[in-house]
2 protein chains.
Amino acid sequence: MTDIVIAGIGQTPVGEHWDISLRELALSAIEAAIEDAGGLKPQALYVGNMLAPHLSHQAHVATLIADFAGLVGIEAATIEAAGASGGAAIRAGYLAVASGQIDVALVVGVEKFTDQIGSSVDAALSTASDGDYEAVHGLTPVAQAALLMRRYMHEFDVPHAAFAGFPLTAHANGACNPNAMFQKTITPEAYQKAGVVSDPLGMFDVAPYADGAAAVVLTRPELMPPAFPHPLVRISGSSVTTDTLALHDRPDMLVFDAARLSVERVCQRARITPVQVDLFELYDAYSIFAAMSLEAAGFAERGQGWRLAQDGQIGLQGSMPISTLGGLKARGNPGGATGVYQAVEAVLQLRGKAGGSQVPGARRAMIQCFGGPASTVATHVLEVKRES
Amino acid sequence: MTDIVIAGIGQTPVGEHWDISLRELALSAIEAAIEDAGGLKPQALYVGNMLAPHLSHQAHVATLIADFAGLVGIEAATIEAAGASGGAAIRAGYLAVASGQIDVALVVGVEKFTDQIGSSVDAALSTASDGDYEAVHGLTPVAQAALLMRRYMHEFDVPHAAFAGFPLTAHANGACNPNAMFQKTITPEAYQKAGVVSDPLGMFDVAPYADGAAAVVLTRPELMPPAFPHPLVRISGSSVTTDTLALHDRPDMLVFDAARLSVERVCQRARITPVQVDLFELYDAYSIFAAMSLEAAGFAERGQGWRLAQDGQIGLQGSMPISTLGGLKARGNPGGATGVYQAVEAVLQLRGKAGGSQVPGARRAMIQCFGGPASTVATHVLEVKRES
């Protein structure tokens, strides 16, 4: 198996970019990534995007972006897997390079929420769940996460306050990320006092939807520019795995089984166990997702993931740092771009360039994003390539 | 380079299936394809779909279908490239198997237009063109094709009647295809007398939008069931290529340059010249597209493609048969499923199972679908694998 490396990264700040179009956002990230890759020329573009057809009245986004970026003639396709679109696009780029038919693949995640507001956005997001059996009843993704959290709290007798460590950690880390949507810390008191979004989810249990674009350039190590100034990061494990779309179809809705399976698959390929990763960029769209993702990855037993948020274990100096540049909660959740942001941030960590959010000595990272409640799970292991 | 073969095919009839849901349509095609492949178990599902988020309020379609088909746990992603989605999904499956990480890939194209009617469908289809510079002015894909055809007729001094051979051939061939939407021939008089859709496009210049699903199973030859009862069809060339999204950005809008480049790329990989294919399933969404596709593929000079429709050259016994099972015009145009229908039909031809539409002795086929006016072009060469 050929090594696949991340030769370049680029990102825009995450936030409300209602004055910047979808294509312009994507272009900013692309230009940065290609420059970071020493000008490598891509032959293929894979775009992770979920909502442009709905919110920007724009399908055919990959070709639009290839065109706008001056890349006409290359291969292009949009990869959609709801919130996992960015991770699935990385997977597409990875497979394309692994096939030997593409030397350099550009992967861009881009999402624009602020072209629309309010119920249009809720309607668009609800298309990720089962249209005939869930969305039609008005079950939004936030409401679904609330039901899941309530069940978890009931089943395992966990108080709401036990989840505070997740957003507190995310915000503490995001405070050092110049591209994060929220660059400020929060207090346990603020968490407790926050308004209810959908009972029991408080405001700080829910990651904010946001605009943003992130890009990575994938290639084989022998094609890298010789003067590349960073440690080279390879993708040592890659997986996209599915579960049932609806929670009600699962034998145990308190287990994210596709996340478990996806981590198992990437670790097998990377020849590691999960504890050998130095950080885990998980999908903390809701604090309940963070707890259950830690369980699915094997870092805690079923119903015990919240304990890791109690005593600093998920902090930068902890045994398993998560959300190291703010996670979805503080960096923001730009939908189909999120998975690519995770890759960009993991590469910053592995290059030792994560500033005040640096995980000391990070050499291996796991990144994971979800479509729906872990209905689709894209997981990748990135590690510093040892000198050959 | 490993050989990639098409181990199984399945399709539903094309038509107005307003009583069958998106997932049920997809399942019918999947079950047929897996049975045809002797029960091979897929590890990955790539779904070509364009309009479900708009017209069925359903994103995350690949995981929905994997779930409904009892394939939970496999990899899944939706591949979108407007009208080229089906071809781009085949490309994704091809690259996945070529990478060595996936043994068996299932590719499904599925589209449902009839969940909505009228202006909703026009609005959804218009998302394939540039939302900020084309669709916003009310330019639908049909209107765009009409402008292109008018320009072509003016530039090359071609009368409207000169295009009649395209729909006549398509309908003659579709009459023998039990899955075609229109299984009847038309006359030159009917073509001339047909109502105008968008001047100069008459009713028979425009392929009908329709519902349908088609599926192919891709694998490596050594994984095929030993008792496979058909000649084995390999994919000997595969390409997705982009042009500008908008016609007005092209140096010469009367040339489908991405189609030219895409054919060049697949032929190079298959080590053939275009004249060595026995049939060409081109993207006759509009008769003008058929003429310009023949030019782009090198079968006619710029402005001369319409001449091939004059004297039977594109018929089943002609020098370059097209639309052999009805093409988009008579089989129908189920959007993101179209490219997969083309593959299924080409395999039927290469197996010698195309019934009354059989191209005598067909051993090699080229299939091609477009997103927008050849803004994205997916082209594949399929051929009967020689015994090793």
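All values derive from a computational prediction rather than experimental measurement.

S.K.: Give me the lowdown on the interface of chain B and chain A, citing residues and values where you can.
M.R.: Listed as interface residues are 56 residues of chain B and, on the opposing side, 57 residues of chain A. Both sides together, the interface formed by chain B and chain A hides about 4,200 Å², and carbon and sulfur atoms give 48% of it. In terms of surface lost to chain A, no three residues of chain B exceed B:H60, B:Q101 and B:T242, which account for 17% of the buried area on that side. One can count 6 salt bridges joining chain B with chain A.

S.K.: Explain the relation of the copies chain B and chain A residue by residue, including any values.
M.R.: At an RMSD of 0.0 Å, chain B and chain A line up after a rotation of 180° and a shift of 0.0 Å along the axis. The superposition of one copy onto the other is thereby described by a two-fold rotation axis. Closest approach to the rotation axis among the C-alpha atoms of chain B is made by B:S99, whose C-alpha sits 1.8 Å away. Taken together, the interface assignments show that 100% of the residues at the interface of chain B recur at the interface of chain A, consistent with an identical surface on both copies.

S.K.: Describe the pairing of strand β3 (residues 75-80) of chain B, naming the residues involved and giving the relevant values.
M.R.: Every regular strand shows the same layout, with side chains that alternate between the two sheet faces. The element β3(B) is largely enclosed, with a buried count of 6 among its 6 residues. Neither face of β3(B) is left uncovered, since the one carrying B:E75, B:A77 and B:I79 and the one carrying B:A76, B:T78 and B:E80 both have all their residues buried. Inspection of the sheet shows strand β3 (residues 75-80) of chain A paired to β3(B) by 3 bridges, in the antiparallel sense. Along β3(B), the bridge assignment pairs A:T78 with B:E80. Summarising the sheet, strand β2 (residues 44-48) of chain B and β3(B) pair through 5 bridges and their orientation is parallel.

S.K.: Go over the packing of aromatic side chains with me, naming the residues and quoting the values.
M.R.: Following the criterion strictly, the structure yields 18 aromatic pairs over all chains and no others. Taking the centre distance of 4.9 Å and the plane angle of 70° together, the rings of B:Y152 and B:F156 count as edge-to-face. Of the two residues, B:Y152 and B:F156 are both situated in helix α6 (residues 141-156); the distance of 4 residues between them amounts to about one turn of the helix. Here B:F156 falls in the buried class, since its relative accessible area comes to 18%. Ring centres of B:F256 and B:F289 lie 5.3 Å apart, and the angle between their planes is 90°; this geometry places the pair in the edge-to-face category. With B:F256 in the loop between β8 (233-242) and α9 (257-270) and B:F289 in helix α10 (residues 287-296), this residue pair connects regions lying 33 residues apart in the sequence. The same class applies to B:F256 as to B:F289, namely buried. Three or more aromatic residues link up through ring pairs in this structure, and these residues are A:F256, A:Y283, A:Y286, A:F289 and A:F370.

S.K.: Explain the pattern of salt bridges to me, and be specific about the residues and the numbers.
M.R.: A full pass over the atoms with the stated rule returns 34 salt bridges over all chains. For A:R260, the salt bridge goes to A:D257, with nearest N and O atoms at 2.8 Å. With a gap of 3 residues between them, A:R260 and A:D257 both fall in helix α9 (residues 257-270), about one helical turn apart. Residue A:R260 is classed as partly exposed on the basis of its relative accessible area, which comes to 32%. Look at A:D257 and you get partly exposed, because its relative accessible area is 32%. Here B:R364 makes a salt bridge to B:E383, at a shortest N to O gap of 3.4 Å. Residue B:R364 is found in strand β10 (residues 364-371), and its partner B:E383 is found in strand β11 (residues 376-384); the two are separated by 19 residues along the sequence.

Criteria and thresholds
Residues numbered from 1 in each chain as written. Chains lettered and ligands numbered in written order. Predicted model: local features only at pLDDT ≥ 70, side-chain atom pairs only at ≥ 80, totals over all residues. Heavy atoms only, no water. Contact = heavy atoms within 4.5 Å. Buried area = accessible area lost by both parts, 1.4 Å probe. Salt bridge = Lys/Arg side-chain N within 4 Å of Asp/Glu carboxyl O. Least-squares fit on C-alpha atoms with pLDDT ≥ 70 in both. Buried < 20%, exposed > 50% of the residue type's maximum accessible area, 1.4 Å probe, protein only. Helix = DSSP H or I, 4+ residues; strand = E, 2+ residues; numbered from the N terminus. Pairing = 2+ DSSP bridges. Phe/Tyr/Trp six-rings, centres within 6.5 Å; stacked < 30°, edge-to-face > 60°.

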